[in-house]
Each structure stands twice: as structure tokens, then as C-alpha cells.
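# Structural description and commentary
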Amino acid sequence: MEGNEIIPVANLKCDPLLIGSLVHEHGVFPGYHMNKEHWITACLDDSVHEDLLKGLLQMSYDLTRKK
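Read on for a plain summary of the structure. The model shown is predicted, which means the values in this text are computed figures rather than measured ones. (Residues numbered from 1 in each chain as written. Predicted model: local features only at pLDDT ≥ 70, side-chain atom pairs only at ≥ 80, totals over all residues. Heavy atoms only, no water.)

A few words on the overall build of the protein. Secondary structure assignment for the protein yields 2 helices and 3 strands. Relative to its length of 67 residues, the protein is compact, with a C-alpha radius of gyration of 12 Å against a globular reference of 11 Å. Principal-axis analysis of the C-alpha atoms places the extent of the protein at approximately 40 × 25 × 20 Å. A buried classification covers 25% of the 67 residues belonging to the protein. In the protein, the proportion of contacts linking residues at least 24 apart, taken out of those at least 6 apart, comes to 52%. Summed over its atoms, the accessible surface of the protein is roughly 5,100 Å², and 54% of this surface lies on carbon and sulfur atoms. For the protein, the separation between the mean place of its 6 positive charges and that of its 10 negative charges on side chains is 16 Å. (Helix = DSSP H or I, 4+ residues; strand = E, 2+ residues; numbered from the N terminus. Rg over C-alpha atoms; globule rule 2.2 N^0.38 Å. Buried < 20%, exposed > 50% of the residue type's maximum accessible area, 1.4 Å probe, protein only. Contact = heavy atoms within 4.5 Å. Areas by Shrake-Rupley, 256 points an atom, 1.4 Å probe, with all protein chains shown as cover. Lys, Arg positive; Asp, Glu negative; His and termini not counted. Charge placed at Lys NZ, Arg CZ, Asp CG, Glu CD.)

In C-alpha cells, the structure reads:
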């Protein structure tokens, strides 16, 4: 990323099989300060398509909720 602008982000738990392709999406990065095998960081500045972000949020919830 370029510049020094502060951007809101969310760390989201993710299926490890999807991380490799997701980090190629605009606004999605390996988990910042997290285990990069299970977490991604998504920018919340409208750079990630809304439908993708909703799906990532749901997946993270499903992977972290108590069963």
C-alpha cells in the first residue's frame, strides 16, 4: 500500500485453502499480526467488494463461533 493514510481494517479467520487466492484480491492481505495460515486482513475503505466482504465476515464468524 502506498502513503501514510490510516485505513480501517478487520482481521478475519479464513479457510486456509482460500487464503492464497484471496490475498490477490484488492484490499485483502495476509493477516496483520495474526497467523497468516488462518487469518486475513481486509480493508474497510470500500476497496473490497461488499459481497466478498460479507462472505468473508460470515466465514470468519462460522470458524470462530462456539459450537
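To continue, consider the sheet that holds strand E1 (residues 9–13). Read across the open sheet, the 3 strands follow the order E1-E3-E2; overall the sheet is antiparallel. Of all the strands in the sheet, the pair left with one neighbour each is E1 and strand E2 (28–30). Sheet twist, expressed as the mean angle between neighbouring strand axes with direction ignored, is 30 degrees. As judged from the 5 bridges shared by E1 and strand E3 (residues 39–43), these two strands associate in the antiparallel manner. Looking across to E3, one finds that Asn 11 is bridged to Thr 41. Running at roughly 50 degrees to E1, helix H2 (residues 50–64) makes contact with E1 and E3 of the sheet. (Pairing = 2+ DSSP bridges. Axes fitted to C-alpha atoms, helices over the stretch in contact; angles between N-to-C directions.)

Most of E3 is tucked away, with 4 of its 5 residues classed as buried. One ladder, built from 3 bridges, connects E2 with E3; its direction is antiparallel. What sits directly across from Val 28, in E3, is Ala 42.

Distances and angles like these do not, on their own, reveal function.
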